[in-house]
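Breakdown of the fold
Take a look at the letters that make up each chain.
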Amino acid sequence: ALISLRQLLDHAAEHGYGVPAFNVNNLEQMRAIMEAADRTDSPVIVQASAGARKYAGAPFLRHLILAAIEEFPHIPVVMHQDHGTSPAVCQRSIQLGFSSVMMDGSLKDDGKTPADYDYNVDVTRRTVEMAHACGVSVEGELGCLGSLETGQAGEEDGVGAEGTLSHDQLLTDPEEAAAFVAATHVDALAIAIGTSHGAYKFTRPPTGDTLSIARIRQIHERIPNTHLVMHGSSSVPQEWLEIINEHGGRIPETYGVPVEEIVEGIKHGVRKVNIDTDLRLASTGAVRRFLAHNPAEFDPRKYLKETVAAMRDVCVARFEAFGTAGNA
Ligand code: G3H
Ligand code: 13P
Ligand code: NA
Ligand code: ZN
């Protein structure tokens, strides 16, 4: 059944678990997520970015998610729009039937230039007014996502600020977060606490202080009724990097956010955990390995089936680690 983000995260807060929000662009990702949810009895957040809409087309994306709900009627599903760049984009998603939208007013509508606080409040407040009138939840974002190690926002072609960010910009201010929530009434707030988008988050193996858990705790204490969201939460599994590189790939050494640190964040108020890169790595590794071992195969179903299995295993692991399992 389709449910709103607010409904799901209120339940998650009450029971102390987190929910991975997986990005979806195609049938294989959708199947992987739902099969994992079915196996672990987990509620689901599927999110579609502007890039996903461009790739699959809005009607295909919409029906892909509706098809998942039809095939798995016992699984609660939130249909969420990731990184909306304007109230108009969010309005379009509401019309399409999404039960939750993200208005990312931390950046201007080019998705690159850091926006000022007043702009962020204005676009977010207007989106909340529109969405809440339709029973749709809203996620906002305050602060600029970026790696505490590199000061970089991540992905070159995706959402994220350009240039190097200062330490100040990289951590959401708790007082400003409280004022922002009071002014906008968002249901969930994405905060900057050290994560960045994409596969290139950290250049060195993590030593346990990738995230600022102290900052998560301070923000949660200040706005306990607002569900916290962590973007850029892929763990960049080293085993998948190896499989890719052993079968013709060439991805340089890189590290993500350790699952144990995300679990620590969940203990301090993080409820929605955005993951895209990990499924991209698993599916690419699965295709490379299958084709390297089966050079005469040419039926796409053969190698795409491998991607479903690979992505499903990642989803199962996250549902179990975040405590989502058993809560459908
Ligand atoms: O926030 C970024 C997500 O990973 C979506 O990426 O814009 O390439 O679809 P995308
Ligand atoms: P990753 O690139 O770490 O998977 O983050 C995805 C994300 O934040 C989508 O909004
Ligand atoms: Na989002
Ligand atoms: Zn994001």
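A few points on the structure. Since the structure is predicted, the reported quantities are computational estimates derived from the model, not experimental observations.

What to know about the site of ligand 2
Residues in contact with ligand 2 amount to 13 residues; listed here are only the nearest, His-231, Ser-234, Asn-274, Asp-276 and Thr-277. Breaking the shell around ligand 2 down by element, the ones donating at least two residues are strand 3 (77–84) and strand 8 (270–275). Within the shell around ligand 2, the residues separate by chemical class into 1 nonpolar, 10 polar and 2 charged.

Things to note about the sheet that holds strand 3
Taken together, 8 strands build a closed barrel; the order of strands is 1-2-3-4-5-6-7-8 and the barrel is parallel. With strand direction ignored, the average angle separating the axes of adjacent strands in the sheet is 25°. Here strand 6 (residues 188–191) runs beside strand 7 (residues 227–230); their pairing, made up of 3 bridges, is parallel. By the bridge assignment, Ala-190 is partnered in strand 7 with Val-229. Strand contacts of helix 6 (residues 117–132): strand 4 (100–103) and strand 5 (137–142), with the helix running at about 170° to strand 5, the strand carrying the most contacts.

Some points on the packing of helix 11 (residues 277–293) against helix 12 (residues 300–321)
As a packed pair, helix 11 and helix 12 sit with axes 8 Å apart at the nearest point and diverge in direction by 140°. Overall, the two elements helix 11 and helix 12 adopt an arrangement that is oblique. Relative to helix 12, helix 11 is oriented so that their crossing is right-handed. Taking contact as the criterion, the partners of Asp-278, Leu-279, Ala-282, Ser-283, Gly-285, Ala-286, Val-287, Phe-290 and Leu-291 in helix 11 are, on helix 12, Lys-302, Tyr-303, Glu-306, Thr-307, Ala-310, Met-311 and Val-314. Split by residue class, the contact of helix 11 with helix 12 holds 10 nonpolar, 3 polar and 3 charged.

With respect to helix 9 (residues 238–246)
Along helix 9, the residues classified as buried are Trp-240, Leu-241, Ile-243 and Ile-244. Buried residues in helix 9, looked at end-on, bunch into an arc of 160°, giving them a common side. Along helix 9, the residues that are exposed and aim more than 90 degrees away from the buried face are Glu-239 and Glu-246. Packed against the buried residues of helix 9 are helix 11. Of the residues trailing helix 9, Gly-248 is marked for its positive phi of about 100°.

Considerations on the packing of helix 9 against helix 11
Two elements in contact, helix 9 and helix 11, have axes whose closest approach is 8 Å; the angle formed by their N-to-C orientations is 35°. Remark: the crossing between helix 9 and helix 11 carries left-handed chirality. On helix 11, the residues that touch Trp-240, Leu-241, Ile-243 and Ile-244 of helix 9 are Leu-281, Ala-282, Thr-284, Gly-285, Arg-288 and Arg-289.

Details of the environment of Thr-172
Looking at where Thr-172 falls in the secondary structure, it is placed in the loop between strand 5 and helix 7 (174–184). By the C-beta count within 10 Å, which is 25 here, Thr-172 ends up buried. In sequence terms Thr-172 and Glu-162 are 10 residues apart; their C-alpha atoms lie 18 Å from each other. If near-sequence neighbours (up to four positions away) are discounted, Thr-172 is found in contact with Leu-142, Gly-143, Ala-177, Ile-191, Ala-192, Ile-193, Arg-215 and Ile-219.

As for the pairing of strand 1 (residues 19–23)
Extensive coverage of strand 1 is indicated by the burial of 5 of its 5 residues. Where burial is concerned, the two faces of strand 1 agree: the one with Val-19, Ala-21 and Asn-23 and the one with Pro-20 and Phe-22 are both buried. Inspection of the sheet shows strand 1 paired to strand 8 by 4 bridges, in the parallel sense. Residue Phe-22 lies in a different strand from strand 8, and its bridge partner there is Ile-275. Sheet topology places strand 1 next to strand 2 (residues 44–48); 3 bridges connect them, and they run parallel. Along strand 2, the bridge assignment pairs Phe-22 with Val-46.

A closer look at the environment of Ala-36
Mapped onto the elements, Ala-36 comes out in helix 2 (residues 27–40). The exposure class assigned to Ala-36 is buried, which follows from the 26 C-beta atoms found within 10 Å. In the structure, Ala-36 is positioned 271 residues away from Thr-307 in sequence and 13 Å away in space, judged by C-alpha atoms. Not counting residues within four places of it along the chain, the set of residues in contact with Ala-36 comprises Arg-312, Cys-315, Val-316 and Phe-319.

Observations concerning unusual backbone geometry
Unlike most non-glycine residues, Asp-41 shows phi in positive territory, near 60°. The residue Asp-41 is located in the loop between helix 2 and strand 2 in this model. Of the residues examined, Asp-41 has 14 C-beta atoms within 10 Å and is grouped as partly exposed. In this structure, Val-236 is a non-glycine residue whose phi angle is positive, near 50°. Topologically, Val-236 is positioned in the loop between strand 7 and helix 9.

Section: helix 11
With 17 residues, helix 11 should reach 24 Å at 1.5 Å per residue; the first-to-last C-alpha distance of 24 Å fits that figure. By the burial criterion, the buried members of helix 11 are Thr-277, Asp-278, Leu-279, Leu-281, Ala-282, Ser-283, Gly-285, Ala-286 and Arg-289. At its buried positions, helix 11 is contacted by strand 1, helix 2, helix 9, strand 8 and helix 12.

What counts, and where the lines are drawn
Residues numbered from 1 in each chain as written. Chains lettered and ligands numbered in written order. Predicted model: local features only at pLDDT ≥ 70, side-chain atom pairs only at ≥ 80, totals over all residues. Near = placed C-beta within 6 Å. Helix = DSSP H or I, 4+ residues; strand = E, 2+ residues; numbered from the N terminus. Nonpolar A, V, L, I, M, F, W, Y, C, P; charged D, E, K, R; others polar. Pairing = 2+ DSSP bridges. Axes fitted to C-alpha atoms, helices over the stretch in contact; angles between N-to-C directions. Contact = placed C-beta atoms within 7 Å. Parallel < 35°, antiparallel > 145°, perpendicular 65-115°, else oblique. Left-handed = near helix turned anticlockwise from the far one by under 90°. Buried ≥ 20, exposed ≤ 12 C-beta atoms within 10 Å, placed from the backbone. Arc of directions from axis to C-beta. Expected span 1.5 Å × (residues − 1).

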